[in-house]
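Chains, contacts and geometry: an overview
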Amino acid sequence: MSRKQAAKARPGKAETERKRDERAARRALARERRNRPAADGEGGLAGQLRALGLRLREVPGDGNCLFRALGDQLEGHSRGHLKHRQETVDYMIKQREDFEPFVEDDVPFERHVANLAQPGTFAGNDAIVAFARNNQVNVVIHQVNAPLWQIRGTDKSNAQELHIAYRYGEHYDSVRKIDDNSEAPARLQTEMLCKNESNKKEKIQLRKEEESSEGTQNEIEDAVQKVRNATGCLDADLIVQILETEDYNIESAIFAVLQMNELKRLCAEEAEDGSANRQKLHPAPALRGENGSGSGIVGSLEPENNKPQANQMGSRPARKQQPPPKVSNKQKKEQQRLEKKRRQEDRHRQKVLASRSSTSDNDRNAVDSEMQVTLVKTFAALNI
């Protein structure tokens with residue numbers, strides 16, 4: 001083999017460093033296991049996690065354990081711990097006013113972050129907070145016989161959670177699903193439980209009974225009140241009729257009442273315009289003038305408003321008042337367009353409500369199949 005071929009066969013610098021890091025990590029982990037206290041029993045952290053369908057993925061105790069554990073949660077492996085360390089230090093420097101007051105042992109801030117930037121330096125709570133904020137994630141810390149600690153890096157409701165375990169007062173490990181041996185992000189999500197499961201079942205049953213009793217008088221009155229508050233309509237009988245027509249869909253009923261109020265307003269404006277024109281001895285106005293004024297929505301509702309005025313003025317014989325005025329094709333098309341638009345809005349509203357209900361049910365009871373999130377049930381948690 002020539003020298004050139006031998007050079008090509010040798011692995012690159014990055015691959016060599018990666019393998020060297022992995023060998024050092026394995027040696028550090030083996031050394032640490034020998035020096036650790038006795039393994040957790042059924043009552044320890046391992047048993048505590050096992051009851052939740054979780055397990056520890058151990059990382060070496062080489063001073064980089066925090067960033068290794070966080071990297072394993074975020075990326076599926078711990079090889080990027082040096083990058084995460086440096087990014088965390090850079091964030092702390094940029095947000096110095098947030099972190100400087102919490103530096104311990106009267107160490108100057110510059111020295112603290114300079115030490116933290118060195119590989120193998122133990123990192124504490126301030127580094128976890130900086131990591132969480134910089135990566136817009138929430139970090140959940142498991143400890144034996146203690147509530148979960150949640151360090152929130154963002155207020156987003158769907159933020160990713162990174163689950164790590166704190167053991168022996170100095171070491172962090174990654175927490176994974178019990179059968180997860182992959183090099184993929186862990187994707188765990190906490191789910192708060194009622195302390196009394198029987199109370200929870202009773203609440204669920206009561207909720208089902210309440211949902212199945214739609215149409216009772218109390219619910220009708222509540223729906224009528226909601227429609228009244230939203231529209232200002234005081235006619236309870238009319239609201240009940242509209243609710244029955246809309247299958248007790250409150251939003252659809254509100255839309256229908258508002259549309260009816262708009263029709264009444266347009267009719268009143270048309271009536272006022274007609275009265276003013278007749279006072280000027282002009283012919284009775286049509287539903288739509290030559291300049292396009294008026295509205296095609298009112299349809300045949302206007303003649304009934306104008307009929308008494310026509311009789312009082314005597315401007316039209318009785319035989320002209322009986323048949324409703326003809327509606328032009330343009331007005332019919334306008335009516336059809338508005339009706340089609342209303343039906344589309346109703347269908348869209350139904351889809352939105354259905355999707356919200358489905359999303360809420362999935363958040364409470366199911367795992368998101370696309371994200372492959374595992375719900376971690378817990379009774380108590382402390383937020384930072």
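For the structure itself, consult the block above.
Residues numbered from 1 in each chain as written. Predicted model: local features only at pLDDT ≥ 70, side-chain atom pairs only at ≥ 80, totals over all residues. Heavy atoms only, no water.

Along the chain, the regular secondary structure elements total 15 helices and eight strands. Looking at the chain as a whole, 31% of its 384 residues qualify as buried. Long-range pairs, those at least 24 residues apart, make up 63% of the contacts in the chain with a sequence separation of at least 6. (Helix = DSSP H or I, 4+ residues; strand = E, 2+ residues; numbered from the N terminus. Buried < 20%, exposed > 50% of the residue type's maximum accessible area, 1.4 Å probe, protein only. Contact = heavy atoms within 4.5 Å.)

Let us now look at the packing of helix α5 (residues 81-94) against helix α8 (residues 125-135). Following both chains from N to C, one finds α5 and α8 inclined at 90°, their axes separated by 9 Å at the closest point. For the element pair α5 / α8, the angle class is roughly perpendicular. Touching His 84, Glu 87, Thr 88, Tyr 91 and Met 92 of α5 are Asp 126, Ala 127, Ala 130, Phe 131, Arg 133 and Asn 134, all from α8. Partitioned by chemical class, the residues of the contact of α5 with α8 number five nonpolar, three polar and three charged. (Axes fitted to C-alpha atoms, helices over the stretch in contact; angles between N-to-C directions. Parallel < 35°, antiparallel > 145°, perpendicular 65-115°, else oblique. Nonpolar A, V, L, I, M, F, W, Y, C, P; charged D, E, K, R; others polar.)

Moving on, we come to the environment of Asn 261. Mapping Asn 261 onto the fold places it in helix α12 (residues 250-279). Given a relative accessible area of 29%, Asn 261 falls into the partly exposed group.

Across all of its chains, the model carries 12 salt bridges by this definition. Glu 58 serves as the salt-bridge partner of Arg 167, at 3.6 Å between the closest nitrogen and oxygen. With a gap of 109 residues between them, Arg 167 in strand β4 (residues 161-167) and Glu 58 in the loop between β1 (54-57) and α4 (65-75) connect regions that are remote in the sequence. Residue classification places Arg 167 among the buried positions, given a relative accessible area of 7%. (Salt bridge = Lys/Arg side-chain N within 4 Å of Asp/Glu carboxyl O.)

What follows concerns the environment of Asp 235. Tracing the backbone through its elements, the reader meets Asp 235 in the loop between α10 (217-231) and α11 (236-245). Judged by relative accessible area, which is 39%, Asp 235 ranks as partly exposed. With 11 residues separating them in the primary sequence, Asp 235 and Val 224 have C-alpha atoms 9.6 Å apart. Polar side-chain contacts of Asp 235 include one of 3.3 Å to the backbone nitrogen of Asp 237. At a separation of 3.2 Å, a polar atom in the side chain of Asp 235 contacts the main-chain amide nitrogen of Leu 238. (Polar contact = N/O pair within 3.5 Å; in protein donor to acceptor, adjacent residues only side chain to side chain.)

Leu 66, Val 139 and Ile 164 are the most contacted members of the largest nonpolar core, which totals 29 residues. Secondary-structure elements contributing two or more residues to this core are α4, α5, α7 (109-116), α8, β2 (138-142) and β4. In this view, Val 139 contacts Leu 70, Ile 128, Ala 132, Trp 149, Gln 150, Ile 151, Leu 162 and Ile 164; residues no more than four positions away in its chain are not counted. The next biggest cluster of nonpolar side chains, apart from the first, holds 13 residues, and it includes Val 224, Cys 233, Ile 239 and Ala 256. (Core = buried A, V, L, I, M, F, W, Y, C linked by side-chain atoms within 4.5 Å.)

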